[in-house]
Amino acid sequence: MKKPFRSFALLASVLSATVLMTGCATPEMPSDITLDELELKMAQAMDPAGKYRNAYAYFQRQNIEEEGLFTTNYQLVEVKFQRPDKFKFSYFEKNMPVTEILSIGPKAWFIDHKNNTVSEITGTALDKVKVMLALGHPDTDYDKLFSKVDIFLARQSGRDCYKLVCQPALENSNPIIIYVDKEKYLPIRMELTIKTADGEKNAISRIEKYQEFDQVKVPSLTKVEEGWKEYLTRVVDYQLNSHFKENEFKLPAFDPVLLENKKRRLERLR
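The present account deals with the structure reproduced in this document. (Residues numbered from 1 in each chain as written. Predicted model: local features only at pLDDT ≥ 70, side-chain atom pairs only at ≥ 80, totals over all residues. Heavy atoms only, no water.)

**Considerations on the overall build of the protein**
Thought 1: When helices and strands are counted, the protein shows five helices and 15 strands.
Thought 2: Expressed as a percentage of its 270 residues, the buried residues of the protein come to 49%.
Thought 3: Partitioning the contacts of the protein with sequence separation of at least 6, the portion at a separation of at least 24 is 53%.
Thought 4: Carbon and sulfur atoms form 50% of the exposed surface of the protein, whose accessible area is close to 14,200 Å². (Helix = DSSP H or I, 4+ residues; strand = E, 2+ residues; numbered from the N terminus. Buried < 20%, exposed > 50% of the residue type's maximum accessible area, 1.4 Å probe, protein only. Contact = heavy atoms within 4.5 Å. Areas by Shrake-Rupley, 256 points an atom, 1.4 Å probe, with all protein chains shown as cover.)

Written out as structure tokens, the structure reads:
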């Protein structure tokens, strides 16, 4: 089933941690339509012209506001995708890239620009990253991405919804829960639990507003609750069939001389 739903603030928190996915129990009834029928209705609601599903590339930029006790932190996230299998997720501070995840084919790497290091992601961590990145792929089908998808009728946020219980094909993982508005056929909520160094934290992503970009309805305003933290994400740029630089999806080659100079500068500041 096609999956246009994307909350990259939530994805950012997931990708920076070890993920343990679980769903919340809510009253539910058997669905009145099949998964394939829901797929068709969601596609018609979000991407009636098929532009997203047929795009060879896309670019998305989101501003993130993190509410603190006394201050509000502002961050920037960019996502770049290019067929057939290139994905780049970038996190910025003060308009400079801080960390990135680069995924090409079966491999993925974590790029740390602060320390000028590149680390290959392997094992279970790689499997979890691939699942999360696949949620942003135009051709993602629920029933292909997940080992099992159950669909129910449920109430959420005062609305009748279809509740999708998506079981990842990962060892010791529990479902990701996605709610789709029964009237508009638009996703409105995603639930999971992330396991961080500070323990397990519930993560809930609520889509507050959709906006049309190039005939595609995109979740433009999303509230994310991750434990005691709250984020507000806004899509500020979205482009289909973007043209990227030739080296956009290549691993950076950090200059050893520059690395040594940086190391010496840091030592002098200590």
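**So, the nonpolar core**
Thought 1: Membership of the largest hydrophobic core comes to 30 residues, with the highest contact counts inside it found for Leu38, Tyr142, Phe146, Tyr162, Leu164 and Ile178.
Thought 2: Secondary-structure elements contributing two or more residues to this core are helix H2 (35–46), helix H3 (123–134), helix H4 (142–145), strand S9 (148–156), strand S10 (159–167), strand S11 (176–181), strand S12 (187–196) and strand S13 (199–213).
Thought 3: With five residues, H2 is the largest single contributor of residues to this core.
Thought 4: The contact partners of Phe146, leaving out residues within four places of it in the chain, are Val131, Leu135, Cys166, Gln167, Pro168 and Ile176.
Thought 5: With 25 residues, the next largest nonpolar core counts Val98, Ile121, Val216 and Tyr231 among its residues. (Core = buried A, V, L, I, M, F, W, Y, C linked by side-chain atoms within 4.5 Å.)

**Quick notes on the pattern of salt bridges**
Thought 1: Counted by the stated rule, this structure contains 16 salt bridges.
Thought 2: Linking Asp32 and Lys182 is a salt bridge whose minimum nitrogen-to-oxygen distance equals 3.3 Å. A residue pair is termed long-range when its members are at least 10 positions apart, and Asp32 in the loop between strand S2 (28–30) and H2 and Lys182 in the loop between S11 and S12 qualify at 150 residues.
Thought 3: Given a relative accessible area of 46%, Asp32 falls into the partly exposed group.
Thought 4: The closest approach of N and O atoms between Arg155 and Asp160, which form a salt bridge, is 2.9 Å.
Thought 5: One network of salt bridges, in which partners are shared, links Arg61, Glu78, Lys80, Lys88, Glu100, Asp237 and Glu248. (Salt bridge = Lys/Arg side-chain N within 4 Å of Asp/Glu carboxyl O.)

**Points about the environment of Lys148**
Thought 1: Of note, Lys148 is situated in strand S9.
Thought 2: In this structure, the C-alpha to C-alpha distance between Lys148 and Gln167, residues 19 residues apart in sequence, is 5.2 Å.
Thought 3: The contact partners of Lys148, leaving out residues within four places of it in the chain, are Val165, Cys166 and Gln167.

**Considerations on unusual backbone geometry**
Thought 1: With omega at 5°, the peptide bond leading from Arg83 into Pro84 counts as cis.
Thought 2: Take Pro84: it is sitting in the loop between strand S4 (72–82) and strand S5 (86–93).
Thought 3: Although it is not a glycine, Asn95 adopts a positive phi angle of roughly 65°.
Thought 4: Summarising the element assignment, Asn95 is placed in the loop between S5 and strand S6 (96–104).

**Details of the side chain of Glu191**
Thought 1: By secondary structure assignment, the location of Glu191 is in strand S12.
Thought 2: On the accessibility criterion, Glu191 (2% relative accessible area) is buried.
Thought 3: At 2.6 Å, the side chain of Glu191 forms a polar contact with the side chain of Arg189. (Polar contact = N/O pair within 3.5 Å; in protein donor to acceptor, adjacent residues only side chain to side chain.)

**So, the environment of Met46**
Thought 1: Checked against the element boundaries, Met46 lands in helix H2.
Thought 2: In this structure Met46 comes out as buried when scored by relative accessible area, which is 0%.
Thought 3: In the structure, Met46 is positioned 166 residues away from Glu212 in sequence and 8.8 Å away in space, judged by C-alpha atoms.

**Digging into H2**
Thought 1: Counted at 1.5 Å a residue, the expected span for H2 with its twelve residues is 16 Å, and the 16 Å between its end C-alpha atoms agrees.
Thought 2: When we look at burial in H2, the residues that qualify are Leu35, Leu38, Met42, Ala43, Ala45 and Met46. The arc that holds the buried residues of H2, viewed along the axis, is 165°, so those residues lie on one side. (Expected span 1.5 Å × (residues − 1). Arc of directions from axis to C-beta.)

**Remarks on the pairing of strand S3 (residues 57–67)**
Thought 1: Counted residue by residue, S3 has eight buried out of eleven residues, so it is predominantly covered.
Thought 2: Of the strand pairs in this sheet, S3 and S4 are connected by eleven bridges, and their pairing is antiparallel. Each bridged residue has a counterpart across the sheet, and for Arg61 the counterpart in S4 is Glu78.
Thought 3: With ten bridges joining them, S3 and strand S15 (residues 229–240) adopt antiparallel strand pairing. Its bridge partner lying in S15, Asn63 is registered against Arg234. (Pairing = 2+ DSSP bridges.)

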